[in-house]
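# Commentary on secondary and tertiary structure
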Amino acid sequence: MKDLSMRLIPFVLAIVMAAPVAAQHANSAAGHDMGGPQETGQSAFAALAEIVTILQADPETDWERVDIDGLRRHLVDMDLLTQEAVVARTLRPEGARFEIRGTPRVLEAIRAMVPAHAPFLAAETGWDVVTEDLEDGVALSVDGDAAQIQGLGFFGLMTIGAHHQEHHLMMAKGAGPHH
């Protein structure tokens, strides 16, 4: 029995390891049939590929306005903000204040993304959301459900709202750089 179980372990591991990959490919293929973007931008290439597929499938696409380079710049900004921004957090009884800073290129991403995201965060949650331009960064103050705000922190707050996918599609169609 021990010999049989030792021979089954690699087989079971192969199945377990393959399942997420198969599910990912199935979800990716299914996402294109759903009529709208699904990729949130954690993988810039996947997000670009998804948008290109949607544009090619849409006979109404105005190819003269398509701006894949603009979408790519935005995805780079998302990456820089997520991975390289430095955030100082001040907790308050009603929420938190975040001061977001970075190198000059990261600061460009911060200034492009944080103020643009604030109205979507406010609309999605009903919280009071205010941004302030700092000499060397941007401040984001969020008041509402203090426990949730503090638990999510800056990066969690930046993910709230399922508008990213549609925003990426609109950017690629040349509809403007902001949310």
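Scroll up to find the structure.
Residues numbered from 1 in each chain as written. Predicted model: local features only at pLDDT ≥ 70, side-chain atom pairs only at ≥ 80, totals over all residues. Heavy atoms only, no water.

## Considerations on the pattern of salt bridges
Here the structure, examined in full by the defined rule, presents nine salt bridges. The partner of R92 in a salt bridge is D143, and the shortest N-O contact between them spans 2.3 Å. Pair noted here: R92 is in strand β1 (residues 86–92) and D143 is in strand β4 (residues 137–143), with a separation of 51 residues, a long-range link. Among the salt bridges present, the one from E132 reaches R97, with a minimum N-O distance of 3.1 Å. (Salt bridge = Lys/Arg side-chain N within 4 Å of Asp/Glu carboxyl O. Helix = DSSP H or I, 4+ residues; strand = E, 2+ residues; numbered from the N terminus.)

## So, the sheet that holds strand β2 (residues 95–101)
On the basis of which strands lie adjacent, the open sheet formed by four strands has the order β1-β2-β4-β3 and antiparallel pairing. One side of each edge strand has no neighbouring strand; the edge strands of this open sheet are β1 and β3 (128–134). Averaged over all adjacent pairs, the angle separating strand axes in this sheet is 15 degrees, with direction ignored. Bridge count for β1 against β2 is seven bridges, and the pairing is antiparallel. Looking across to β2, one finds that R89 is bridged to F98. Along the sheet, helix α4 (residues 104–125) contacts β2, β3 and β4; its crossing angle with β4, the most-contacted strand, is approximately 20 degrees. (Pairing = 2+ DSSP bridges. Axes fitted to C-alpha atoms, helices over the stretch in contact; angles between N-to-C directions. Contact = heavy atoms within 4.5 Å.)

## Examining the packing of aromatic side chains
If you walk through the whole model with that rule in mind, you get two aromatic pairs. When the centroid spacing of 6.2 Å and the interplanar angle of 50 degrees are considered together, the rings of F98 and F154 count as tilted. Here F154 lies in helix α5 (residues 146–158) and F98 lies in strand β2, a separation of 56 residues in the sequence. Judged on exposure class, the residue F98 and its partner F154 are both buried. Summarising the aromatic geometry, the rings of F154 and F155 are spaced 5.0 Å apart at their centres and angled 75 degrees between planes, so their arrangement reads as edge-to-face. Residue class for F154 comes out buried when judged on its relative accessible area of 2%. Each residue in the set F98, F154 and F155 is aromatic and connected to the rest through ring pairs, giving one cluster. (Phe/Tyr/Trp six-rings, centres within 6.5 Å; stacked < 30°, edge-to-face > 60°. Buried < 20%, exposed > 50% of the residue type's maximum accessible area, 1.4 Å probe, protein only.)

## Re the pairing of β3
A regular strand places its side chains so that they alternate between the two faces of the sheet. As paired elements, β3 and β4 share seven bridges and run antiparallel to each other. Residue pairing for β4: V130 is matched across the bridge by S141. In sequence, β3 turns back onto β4 through a hairpin of two residues.

## Brief notes about the packing of α4 against α5
Between α4 and α5, the least distance of the axes is 10 Å, while the angle of their chain directions is 105 degrees. Between α4 and α5, the angle is such that the two are roughly perpendicular. Contact residues: M113, V114, H117 and L121 in α4; F154, L157 and M158 in α5. (Parallel < 35°, antiparallel > 145°, perpendicular 65-115°, else oblique.)

## Things to note about helix α2 (residues 44–57)
Under the 1.5 Å per step criterion, the end-to-end length of α2 is 20 Å for 14 residues, consistent within 8% with the ideal 20 Å. Along α2, the positions that sit buried rather than exposed are A47, L48, E50, I51, I54 and L55. With its buried residues spanning 160 degrees around the axis, α2 presents them on a single face. For α2, exposure combined with an orientation more than 90 degrees from the buried face picks out F45, Q56 and A57. (Expected span 1.5 Å × (residues − 1). Arc of directions from axis to C-beta.)

## With respect to the environment of A122
Summarising the element assignment, A122 is placed in helix α4. Note: C-alpha distance between A122 and G161 (39 residues apart in sequence) is 9.6 Å. Among all residues touching A122, those that are not within four sequence positions of it are W127 and V129.

## Considering the environment of E94
Inspection of the secondary structure assignment puts E94 in the loop between β1 and β2. Residue E94 is classed as partly exposed on the basis of its relative accessible area, which comes to 35%. Once residues within four sequence positions are removed from consideration, E94 is found in contact with V142, D143, G144, A146 and I149.

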